[in-house]
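Structure at a glance
Chain residues, written in single-letter form:
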Amino acid sequence: MSDTLLIALYAFAGAAVTGVVGAGVLRLIRRRSLTASLAVVAAVGIVAMLAGTLAVAWAMFLSPHDLSVVTTVVAMAAVVSLVTALLLGRWVVARSRELADAARSFADGRFSAPHGPATAELEAVSRELAATSARLAESRERERTLERSRRELVAWISHDLRTPLAGLRAMAEALEDGVAADPYRYLRQMRTEVDRLNGMVGDLFELSRIHAGTLPLTPSRISLYDLIGDALAGADPLAHEHGVRLVGARVEPVPVEVDAKEMSRVLGNLLVNAIRRTPADGTVAVAAERSPEGVVLSVTDGCGGIPESDLARVFDTGWRGTHARTPPAGAGLGLAIVRGIVEAHQGRATVRNIPGGCRFEVVLPAAPS
């Protein structure tokens, strides 16, 4: 066996023993500060070199003078390495503590990443914490908005239920006491109020299924031309009653894969909302056309526009605008149902102001050809 191979074996044996001992020490202090771990790692490297040198010297490959020189060099390297490791460890620990202090404000949505240089790993953790804090803040804001909408909805539903129920009770008592001058008129009015209450209950049930993610959809390939034609025909009596013109402009026979019943409800809600907000002699226009994003279905009214501060809340549950408590405004569920149904079809619903009114747009994925 050559001298070089023997030296390598002795050096490896001495370094291996040191490495095993160092691994054991690291395991024992794994819950201690990072500074201690870095010091142990630096010490393992130096002691491994020294152990290999001593093993070689023990095998008589080095003279006493050479051994003294090598030991001195290794000792100086050990001092420098340990000091460097301690300084690096203290710096990393300081950065970690700054990150921990910043993380204490994480739950409050006030997380602010510590300034100053840091390791790539700590910088990545800081960025992730900042991004997660921002998402949590947005989630809390959405939750507060939904809670505010729910409170408004309960208040408005209670208000809207009280009036028809009081009327039904009064008419029922008049019929029961035989003091109704025109019993048939009372019965017709009661039927109207019951239909209105039934519609409100139906809207609440539909919205609850949307929020629960249990809205059943049965998509089929249909033409928007036919869908809009049916919706216009259904809304025509209400438009005639309000003196509003319905116009189907630029309606392309674009095929889509949607649940015809639910999408008819979307169109119906948009048309009813537009007709009720448009003054007499105004116009409500419906259009459908292709776009790079898919298929765009729009309903344009003459409501005069929506305040910019309210545009973001138009599709919120219970929102009814400035005329919120007038009976024709309904329970404020129609547009929330529109958004829920459209999003269930992987689309989106938006609104924007135009001269003289506003334009509601529903973007749906185009049907595969």
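The structure this text deals with has already been given above.
Below, the structure is looked at part by part. These figures come from a predicted structure and were not determined experimentally. (Residues numbered from 1 in each chain as written. Predicted model: local features only at pLDDT ≥ 70, side-chain atom pairs only at ≥ 80, totals over all residues. Heavy atoms only, no water.)

So, about the overall build of the protein. Scanning the protein for helices and strands turns up eight helices and seven strands. Across the 369 residues that make up the protein, the buried fraction comes to 34%. Contacts spanning at least 24 positions in sequence make up 70% of the contacts within the protein whose residues lie at least 6 apart. Roughly 21600 Å² of accessible area belongs to the protein as shown, and the carbon and sulfur atoms make up 61% of that amount. (Helix = DSSP H or I, 4+ residues; strand = E, 2+ residues; numbered from the N terminus. Buried < 20%, exposed > 50% of the residue type's maximum accessible area, 1.4 Å probe, protein only. Contact = heavy atoms within 4.5 Å. Areas by Shrake-Rupley, 256 points an atom, 1.4 Å probe, with all protein chains shown as cover.)

By the criterion of burial, strand E5 (residues 294–300) is predominantly enclosed, with seven of the seven residues buried. One ladder, built from seven bridges, connects strand E4 (residues 283–291) with E5; its direction is antiparallel. Pairing of Ala287 across the sheet is with Ser298, part of E5. Between E4 and the antiparallel strand that follows it, E5, lie two residues. (Pairing = 2+ DSSP bridges.)

On to the sheet that holds strand E7 (residues 357–364), then. Strand order in the open sheet made by the five strands is E2-E4-E5-E7-E6, with mixed pairing throughout. On the outer flanks of this sheet lie strand E2 (245–251) and strand E6 (348–354), each paired with one strand and no other. Strand-to-strand twist in this sheet, taken as the mean axis angle between neighbours without regard to direction, amounts to 20°. Taken strand by strand, helix H7 (residues 260–277) contacts E2, E4, E5 and E7, and its axis lies near 175° from that of E7. (Axes fitted to C-alpha atoms, helices over the stretch in contact; angles between N-to-C directions.)

The subject of this paragraph is the packing of aromatic side chains. Under the defined criterion, the tally for this structure stands at one aromatic pair. Taken together, a centroid distance of 6.0 Å and an interplanar angle of 85° make the contact between Phe315 and Phe360 edge-to-face. A residue pair is termed long-range when its members are at least 10 positions apart, and Phe315 in the loop between E5 and helix H8 (334–344) and Phe360 in strand E7 qualify at 45 residues. One exposure class covers both Phe315 and Phe360, and it is buried. (Phe/Tyr/Trp six-rings, centres within 6.5 Å; stacked < 30°, edge-to-face > 60°.)

Where H8 is concerned, the buried positions are Leu335, Ala336, Ile337, Val338, Gly340, Ile341 and Val342. Packed against the buried residues of H8 are helix H5 (183–212), H7, E6 and E7. In the segment just after H8, Gln346 is the residue with positive phi, at about 65°.

This paragraph deals with the side chain of Arg359. Residue placement: Arg359 occurs in strand E7. For Arg359, the side chain forms a polar contact with the side chain of Glu361, separated by 2.6 Å. In this structure, Arg359 is in contact with Arg250, Glu289, Ser298, Val299, Thr300, Thr350, Val351, Arg352 and Ile354, ignoring residues within four places of it in sequence. (Polar contact = N/O pair within 3.5 Å; in protein donor to acceptor, adjacent residues only side chain to side chain.)

Here we come to the side chain of Ser223. Positionally, Ser223 belongs in strand E1 (residues 220–223). Filtering out sequence-adjacent residues up to four positions away, Ser223 remains in contact with Pro253, Val254 and Pro255.

As for its position among the elements, Leu267 is in helix H7. Separated by 31 residues in the primary sequence, Leu267 and Ser298 have C-alpha atoms spaced 9.3 Å apart. Discounting chain neighbours no more than four positions away, the residues touching Leu267 are Leu227, Ile228, Ala231 and Leu297.

Once that is clear, we can look at the state of the cysteines. A complete count under the given rule lists zero disulfides for this structure. For Cys303, which is in no disulfide, the shortest distance to another cysteine sulfur is to Cys358 and amounts to 3.3 Å. On the basis of relative accessibility, which here comes to 25%, the residue Cys303 falls in the partly exposed class. (Disulfide = S-S within 2.5 Å.)

Pairing analysis gives five bridges linking E2 to E4, with the strands arranged parallel. The partner of Leu246 across the bridge, within E4, is Val284.

So, on to unusual backbone geometry. Phi at Asp281 takes a positive value of approximately 70°, unusual for a residue other than glycine. Mapped onto the secondary structure, Asp281 falls in the loop between H7 and E4. Its relative accessible area of 61% is what places Asp281 among the exposed residues.

Another aspect to go through is the environment of Val79. Considering the arrangement of structural elements, one finds Val79 in helix H3 (residues 64–103). Taking relative accessible area as the criterion, Val79 reaches 48% and is therefore assigned partly exposed. C-alpha separation for the pair Val79 and Ala42, spaced 37 residues apart in sequence, amounts to 9.8 Å.

Going through the model one piece at a time under the given rule, you end up with nine salt bridges. The closest approach of N and O atoms between Arg191 and Asp195, which form a salt bridge, is 3.4 Å. In this pair, Arg191 and Asp195 both sit in helix H5, four residues apart, roughly one turn of the helix. Given a relative accessible area of 42%, Asp195 falls into the partly exposed group. Residues Glu206 and Arg265 are paired through a salt bridge, measuring 3.6 Å at the closest nitrogen-oxygen approach. Here Arg265 lies in helix H7 and Glu206 lies in helix H5, a separation of 59 residues in the sequence. Owing to a relative accessible area of 3%, Glu206 belongs among the buried residues under this scheme. Through salt bridges with shared partners, a single network forms among Glu206, Arg209 and Arg265. (Salt bridge = Lys/Arg side-chain N within 4 Å of Asp/Glu carboxyl O.)

Taken by themselves, the reported measurements are silent on function.
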